[in-house]
Amino acid sequence: MIHHSWAEPFKIKMVELLKMTTPAQRKKALQNAGYNTFLLKSEDVYIDLLTDSGTSAMSDQQWAGMMLGDEAYAGSKNFYNLEAAVKKYYGYKYVIPTHQGRGAENILSQIMIKKGDVIPGNMYFTTTRLHQELAGGVFYDVIIDEAHDSSNLFPFKGNVDIGKLERLVKKFGAKKIPYICVATTVNMAGGQPISLGNLKDLRNYTNKHGIKIILDMTRVAENAFFIQQREEGYKRKSIASIVKEICSYTDGATFSAKKDALVNIGGFLALNDKNKYEEASNLVVVYEGLHTYGGLAGRDMEAMAIGIGESVNDNHIRARIGQVLYLGKKLNDLKIPIVNPIGGHGIFIDAKKFLPHLKQIQFPAQALAAEIYEDSGVRTMERGIVSAGRNSKTGDHYYPELELVRLTIPRRVYTQAHMDVIAESIESVYAKRDKIKGLEMIYEPAYLRFFQAKFKKL
Ligand SMILES: *Cc1c(COP(=O)(O)O)cnc(C)c1O
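Rules and cut-offs
- Residues numbered from 1 in each chain as written.
- Predicted model: local features only at pLDDT ≥ 70, side-chain atom pairs only at ≥ 80, totals over all residues.
- Heavy atoms only, no water.
- Patch = residues over 30% accessible without salt bridge, like charges linked within 9 Å, V, L, I, M, F, W, Y side chains within 5 Å.
- Areas by Shrake-Rupley, 256 points an atom, 1.4 Å probe, with all protein chains shown as cover.
- Salt bridge = Lys/Arg side-chain N within 4 Å of Asp/Glu carboxyl O.
- Helix = DSSP H or I, 4+ residues; strand = E, 2+ residues; numbered from the N terminus.
- Buried < 20%, exposed > 50% of the residue type's maximum accessible area, 1.4 Å probe, protein only.
- Near = heavy atom within 4 Å.
- Polar contact = N/O pair within 3.5 Å; in protein donor to acceptor, adjacent residues only side chain to side chain.
- Nonpolar A, V, L, I, M, F, W, Y, C, P; charged D, E, K, R; others polar.
- Domains from an automatic or database assignment.
- Contact = heavy atoms within 4.5 Å.
- Buried area = accessible area lost by both parts, 1.4 Å probe.

Side note on a nonpolar patch on the surface
Nonpolar side chains collect at one region of the surface, where Phe10, Ile12, Val15 and Leu17 lie side by side and expose about 460 Å² of accessible area between them. Mapped onto the elements of the fold, Leu17 is located in the segment before helix H1 (23-32). Classification of Leu17 by relative accessible area gives exposed; the value is 76%.

In structure tokens:
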């Protein structure tokens, strides 16, 4: 039964009390954190939109599953439940659990990539690209141009530009391209989906050239929702059937269960090729644990197996994205510059448009995230020049076109009234935007610098 409103298909059984802070406390906390919201203490945060990763509220069914943990070193019952869920909902033949998504990316990169290989992708993701590089590969962005324009309303800004892929094939030869990494609802583009039409075309093209498709299926259910809403012929298809169809055009996948699958920790690598699976299950022992637990407790695998089933429920996904769209519409009504169309897992503020008086090297998105926290205790994060890092060959900063502040909405955690408070805070920061100063980086770690870099106010 589908009603007009997106209201949640659950009720609340337990709550977590939050600390309310004063402006003076927040100012101090921010200075101590070097203006990096990753370095704030969670205790000092009122509404935490840092990430949707591992921050979901589990259901009573998942918590009950935690009590059914079979904590055996090998062959845990919960592993077989997870394997069955992956086969049932995603259709992959083989699955190896990992402690989270990047564990799977590490194993995948090591078994697939040789030094000098080229790995195309529909925009980079931080950990994914780093593992490709550590394995000796070079990442190339083949997302359509529309993805780089925050105001372009194209409904599938996650699509792959097959022309760009073809140019790579011509330049390097298909033999140098072991696979293309295809992400669902592309995080760095603002949670923008890929269409099934595009994925089918890509499958045809890659089949001709012997290139594999590996799905970064971290937010596959959210992508399926946009296909259901926007793609011709899918209005009456269930989320579960669209998810399975997406997977069917690919050869394997990495998965961070901390997003769609509604758990606090977990991930997996899924493959259809038996030989590659055997290689991977051998390597996982080195980095994660035996191939039937991969760094997870039995109870974690059980919660993941149940969460996968809940994540493809039509009412769940409609309420989940409904809440994101609710906040996005409020910000659009206030004329705040955000990425449109609104994405699946969060709202992305265009910091270049919000703070046009700052140069990109003054870290506008980082400065804006700090300002929002100081205003209201709402924690957001930077997705711009700091996240993009440096070119490993030249040492220069990457200057990404999109300089964004991400407001990521955890699943099943906050209420509509929380969304209202967030919008009010962004509105008040927008009113004083002319006075916001840029930042200077005073500490820069070598890898994934956005996590630990420190700044001071200019
Ligand atoms: C989170 C994420 C990953 C990495 O997964 P972790 O569980 O954080 O290691 C990979 N790809 C995408 C698109 C993600 O959002």
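Remarks on the site of the ligand
The full set close to the ligand counts 14 residues, and Gly101, Arg102, Asp216, Ser256 and Lys259 are the nearest of them. With respect to the ligand, the side chain of Arg102 contributes an N or O atom lying 2.7 Å from an oxygen atom. Interatomic distance of 2.6 Å between a side-chain N/O atom of Ser256 and an oxygen atom of the ligand. Put simply, the parts of the chain that give the shell around the ligand at least two residues each are helix H4 (101-112) and helix H5 (126-134). Tallying contributions element by element places H4 first for the shell around the ligand, with three residues. Of the residues belonging to the shell around the ligand, the class tally is one nonpolar, seven polar and six charged.

Comments concerning the domain arrangement of the protein
In terms of domains, the protein is made up of domain 1 (23-52 + 314-457) and domain 2 (61-311). Between domain 1 and domain 2, the residue contacts involve 32 residues of the former and 39 residues of the latter. Summed over both sides, the interface of domain 1 with domain 2 buries roughly 2900 Å², with 56% coming from carbon and sulfur. Contact with domain 2 buries surface across domain 1, with Ile317, Pro341 and Leu402 losing the most and accounting together for 19% of the total. For the pair domain 1 and domain 2, the interface holds five salt bridges. Ionic pairing is found between Arg411 and Glu222, a salt bridge with its closest N-O pair at 2.9 Å. Those elements giving two or more residues to the side of domain 1 that touches domain 2 turn out to be helix H12 (314-333), strand E9 (346-350), helix H15 (385-388) and strand E12 (404-408).

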